[in-house]
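Here are the chains, one letter per residue:
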Amino acid sequence: MLLIFAFSDCSKQQGSGELARLKPCRLPGIDEKLLCGRLTVFENRLTRAGRTIDLNVVVLPAFDQKTKAGPLFDLAGGPGAAATEGARFYAEQGKGYRRRRDVVLVDQRGTGKSNPLSLPGKRTPQDYLSEMYPVDYVKRLRQTLERRADLTQYTTSIAMDDLDDVRAWLGYDRINLIGTSYGTRAALVYLRLHPERVHTVTLIGVAPTYLKMPMYHAQAGARAMELLLKQCEQNAQCHEAFPQIRDDWTSVLSQLGREPARVEYSPSDKSAPVNLEIQRDIFAEKIRTWMYGRDQASRIPLIVHHAAQGDFGPFLREAIRPSIPDFIADGMYLSVTCAEDIPFINQEEAAKLNAGNPFGNYRVFQQTRACSMWPQGKIPYDFREPVSSNVPVLLFSGNMDPVTPPQRGEEVARYLPNSRHVIIPQAGHGFDGLAEPECVDRIIMEFMETGEAKDLDVGCLERMVQPPFEKDPTNDRAANGGAGDHRGRMDQGGSTLILRGHQIDLVILKRHDKLPAPLESACRWLSFFPLIKSSLK
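Model, not experiment: these values are computed from the prediction.

1. Focus on the packing of aromatic side chains
Here comes step 1: Within this structure, the stated rule accounts for eleven aromatic pairs.
Here comes step 2: With a centroid separation of 5.8 Å and an interplanar angle of 45°, the aromatic rings of Trp 249 and Phe 359 are classed as tilted. On the criterion of sequence distance, the pair formed by Trp 249 in helix H7 (residues 245-258) and Phe 359 in the loop between helix H13 (347-354) and helix H14 (362-371) is long-range, its members being 110 residues apart. Comparing Trp 249 with Phe 359 shows no difference in burial state: the two are buried.
Here comes step 3: Ring geometry for Phe 312 against Phe 315: centres 6.4 Å apart, planes inclined by 85°, an arrangement best described as edge-to-face. For the pair shown, Phe 312 and Phe 315 are each scored as buried.

Right, dumping it as structure tokens:
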């Protein structure tokens, strides 16, 4: 367990050193005063003229301000997630990080409260099943955002120079970086730009600067799906419940490929039933993104099995509800990937690579089309080169990761001689759903204290086991969802959908032993790509 220390009103600490520039503040859901501030930077750092951005900064102070060590800067994923949304983790489960370190959270330009490049809006059930970047949506997004932003000025390198301005503004000499998913790319870029300012770097779900997102998404997804299906086949309970799970997976993709499913869905707010369409590529992409966390992955066999029989209730129960993707700023995501990734994808090579893959070339097509309508920023000439450094670096990869598999961590580690790459056998893209997630926190805290990765004791990672596969609760398909297939394969059961939805939520609560807040766990381990439209990218 993480050690928890008493902490008095942090307003009494603000006069000490680097915290003097900040003011006491409170954030929703956090029962202590934190320190907040805003640093104004030029949107165009090259010309240093014109529009400015107020960078939103939140600091969770170290409990021991007299003997504290270098701070921890946590870089969010996405791209497009707000780092400050992770404050709740460090105020609760992650308090141990603050024993002798300030935790600094900076909303990267284009996210959170740092001129967010997003369009708020209410989503309908069909919106959750729409394609990732509809043409009309991208055009409207650009038109709206260009009224208050130069969309070419939101790349990673520019943002990491912002981050160094924050470091200097707060008076820190050297810092420790933690990056997850896209945050690993950001951390690597900062390390290259400002190596003398870095004490240690921790990378979780490693995304190299040369990854060409999303060219390899389908390949990584197919690998993870194969491992998941094999686990189900080798698990007595899962195999008994879904004895033909591999055939089910092939069958549902084939059915949806021939004709989209049309179902009737009863919303949980008791409004009138609506007719929905489920397309093959969107169904597959949802499945891929649910493999990011092992909690959601444990429900995939049940979802696939029922869908293969024409019952999309379990699928809709999972798909039509707010999730991590809703916290991604789409404009920020496009400004980064349209400058740093998409221009370097050979379309013929991508089509050939993803031919025959169950997840297909969907993401490459969607993002390439969107980027054709988006202004392209400039990146440094050496941006896509591997990052080399002698700074101590600790890398974590999940063996079951459907977007940044262990291969990526191995590649990056080759150029970091003072590094260690650790593979967590049952992890996806982060640690959601695994037992004893605090194991990783203990390892990271020891690493930051010693500055040495080679001799870390990582034995507890073997105890980070996946949750059991979800059982099929009943043969009454109406109890598994509120969807009715217009092809006559299932019955309507809206009231039971609401009940089952609450039951599933309670299981999640118990499994994590904490509130199911995407803002505390998800925004910390945010993955950067998948899903549909406003979904996590």
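2. What about the confidence of the model for the protein chain?
Here comes step 1: When the pLDDT values of the protein chain are averaged, the result is 87; 84% of them are 70 or greater.
Here comes step 2: For residues 1-16, every residue scores under 50 in pLDDT, and the model assigns this stretch 37 contacts once sequence neighbours within four places are set aside.
Here comes step 3: Scored below 50 in pLDDT, residues 475-537 makes 223 contacts in the model with residues more than four places away or belonging to other chains.

3. Thoughts on the state of the cysteines
Here comes step 1: Tallied over the entire structure, the rule returns four disulfides.
Here comes step 2: Residue Cys 338 pairs covalently with Cys 371 via a disulfide, S to S 2.0 Å. Negative torsions about the S-S bond denote left-handed disulfides, and the value of about -85° found for Cys 338 with Cys 371 makes this one left-handed. In this pair, Cys 338 sits in helix H12 (residues 330-340) while Cys 371 sits in helix H14, placing the two residues 33 residues apart along the sequence.
Here comes step 3: Residue pairing for Cys 439: its cysteine sulfur links by disulfide to Cys 460, the two sulfurs lying 1.9 Å apart. Its S-S torsion of approximately 75° makes the covalent link between Cys 439 and Cys 460 right-handed. A residue pair is termed long-range when its members are at least 10 positions apart, and Cys 439 in helix H16 (residues 438-450) and Cys 460 in the loop between H16 and strand E12 (483-485) qualify at 21 residues.
Here comes step 4: Each bonded cysteine of the protein chain gets a number by its place in the sequence, and the pairs then read 1-2, 3-4, 5-6, 7-8.

4. With respect to helix H2 (residues 135-145)
Think of an α-helix as turning once every 3.6 residues; residues three or four places apart then point the same way.
Here comes step 1: Inspection of H2 places Tyr 137, Val 138, Leu 141 and Leu 145 among the buried residues, and these make up the whole buried set. The buried residues of H2 occupy an angular sector of 100° when projected down its axis, which confines them to one face. Seen from the buried face of H2, the exposed residues on the opposite side, beyond 90 degrees, are Asp 136, Lys 139 and Gln 143.
Here comes step 2: Residues of H2 that are buried sit in contact with H12 and H14.

5. Points about the sheet that holds strand E1 (residues 23-25)
Here comes step 1: Within the open sheet, the nine strands sit side by side as E1-E2-E3-E5-E4-E6-E7-E10-E11. Their pairing is mixed. Edge positions in the sheet fall to E1 and strand E11 (419-424), since each of these pairs with one other strand and no more. Pairs of neighbouring strands in the sheet enclose a mean axial angle of 25°, with direction left out of account.
Here comes step 2: Note: strand E2 (residues 34-42) against strand E3 (residues 52-60), eight bridges, orientation antiparallel. In the sheet register, Phe 42 faces E3, and the bridge partner there is Thr 52.

6. A word on unusual backbone geometry
Here comes step 1: Between Gly 78 and Pro 79 the backbone carries a cis peptide bond, its omega angle lying at -5°.
Here comes step 2: Take Pro 79: it is sitting in the loop between strand E4 (72-75) and helix H1 (87-91).
Here comes step 3: A cis geometry characterises the amide bond from Met 213 onward to Pro 214, with omega recorded as 5°.
Here comes step 4: Position of Pro 214 among the secondary structure elements: in the loop between strand E7 (198-204) and helix H5 (217-234).
Here comes step 5: Despite not being glycine, Lys 212 has its phi angle at roughly 60°, a positive value.
Here comes step 6: Within the secondary structure, Lys 212 sits in the loop between E7 and H5.
Here comes step 7: Note on Lys 212: relative accessible area 13%, which makes it buried.
Here comes step 8: Of note, Glu 436 is a non-glycine position whose phi angle comes to about 50°, a positive value.
Here comes step 9: In this fold, Glu 436 is placed in the loop between E11 and H16.

Each value, and the rule that gives it
- Residues numbered from 1 in each chain as written.
- Predicted model: local features only at pLDDT ≥ 70, side-chain atom pairs only at ≥ 80, totals over all residues.
- Heavy atoms only, no water.
- Phe/Tyr/Trp six-rings, centres within 6.5 Å; stacked < 30°, edge-to-face > 60°.
- Helix = DSSP H or I, 4+ residues; strand = E, 2+ residues; numbered from the N terminus.
- Buried < 20%, exposed > 50% of the residue type's maximum accessible area, 1.4 Å probe, protein only.
- pLDDT = per-residue confidence, 0-100.
- Contact = heavy atoms within 4.5 Å.
- Disulfide = S-S within 2.5 Å.
- Arc of directions from axis to C-beta.
- Pairing = 2+ DSSP bridges.
- Axes fitted to C-alpha atoms, helices over the stretch in contact; angles between N-to-C directions.

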